[in-house]
Amino acid sequence: MLVVITYDVNTESAGGQKRLRRVAKACQSYGQRVQNSVFECLIDTAQLKTLQARLEKIIDKEKDSLRYYFLGNNWKNKVRHVGAKKVTSMDETLIM
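Structural notes, computed from the coordinates. Treat the numbers as computed from the prediction; the structure is a model and nothing was measured. (Residues numbered from 1 in each chain as written. Predicted model: local features only at pLDDT ≥ 70, side-chain atom pairs only at ≥ 80, totals over all residues. Heavy atoms only, no water.)

A closer look at the sheet that holds strand 4 (residues 65-72)
The strand order 2-3-1-4 describes an open sheet built from 4 strands, whose pairing is antiparallel. Each having just a single partner strand, strand 2 (32-35) and strand 4 make up the two edges of the open sheet. Pairwise comparison of adjacent strand axes, ignoring direction, gives a mean angle of 25 degrees for this sheet. Across 3 bridges, the pairing between strand 2 and strand 3 (residues 38-42) is antiparallel. Paired with Q35 across the strands is V38, a residue of strand 3. Strand contacts of helix 1 (residues 14-28): strand 1 (2-8), strand 2 and strand 3, with the helix running at about 175 degrees to strand 1, the strand carrying the most contacts. Where helix 2 (residues 45-58) meets the sheet, it contacts strand 1, strand 3 and strand 4, and its direction lies at approximately 170 degrees from that of strand 4. (Pairing = 2+ DSSP bridges. Helix = DSSP H or I, 4+ residues; strand = E, 2+ residues; numbered from the N terminus. Axes fitted to C-alpha atoms, helices over the stretch in contact; angles between N-to-C directions. Contact = heavy atoms within 4.5 Å.)

Digging into the nonpolar core
Ranked by size, the top nonpolar core spans 18 residues in total, and within it I5, Y7, V23, C27 and L55 carry the most contacts. Once you skip the residues sitting within four places of it in the chain, L55 turns out to touch I5, V23, A26, C27, L66 and Y68. (Core = buried A, V, L, I, M, F, W, Y, C linked by side-chain atoms within 4.5 Å. Buried < 20%, exposed > 50% of the residue type's maximum accessible area, 1.4 Å probe, protein only.)

Points about the environment of N74
By the element assignment, N74 lies in the segment after strand 4. As a C-alpha pair, N74 and M1 span 73 residues in sequence and 7.8 Å in three-dimensional space.

What to know about the side chain of R19
Inspection of the secondary structure assignment puts R19 in helix 1. Note on R19: relative accessible area 12%, which makes it buried. Contact partners of R19, with chain neighbours within four places excluded, come to V9, N10, I58, I59, D60, K63 and D64.

None of the figures reported here should be taken as evidence of function without further support.
Below is the structure:
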């Protein structure tokens, strides 16, 4: 399923900057960045639960926020991109 994860981390302190880096790194392990604080993750239910637990341990729930958008398995007709910063198709093989 495709899940879009967005986050807003308060970076007014050094701790906030560290949390921001940790959240981005966790998301990067499961998907691709499509905007500064937005990741698209093509993952299964078990991976999603693991990622959610990881992210929710990182953030400060009094200062930061996470949003999950569940686009499901039929996501191709639900995503439209216009403009710069092309992203790689989520269902293609990546060679690095």
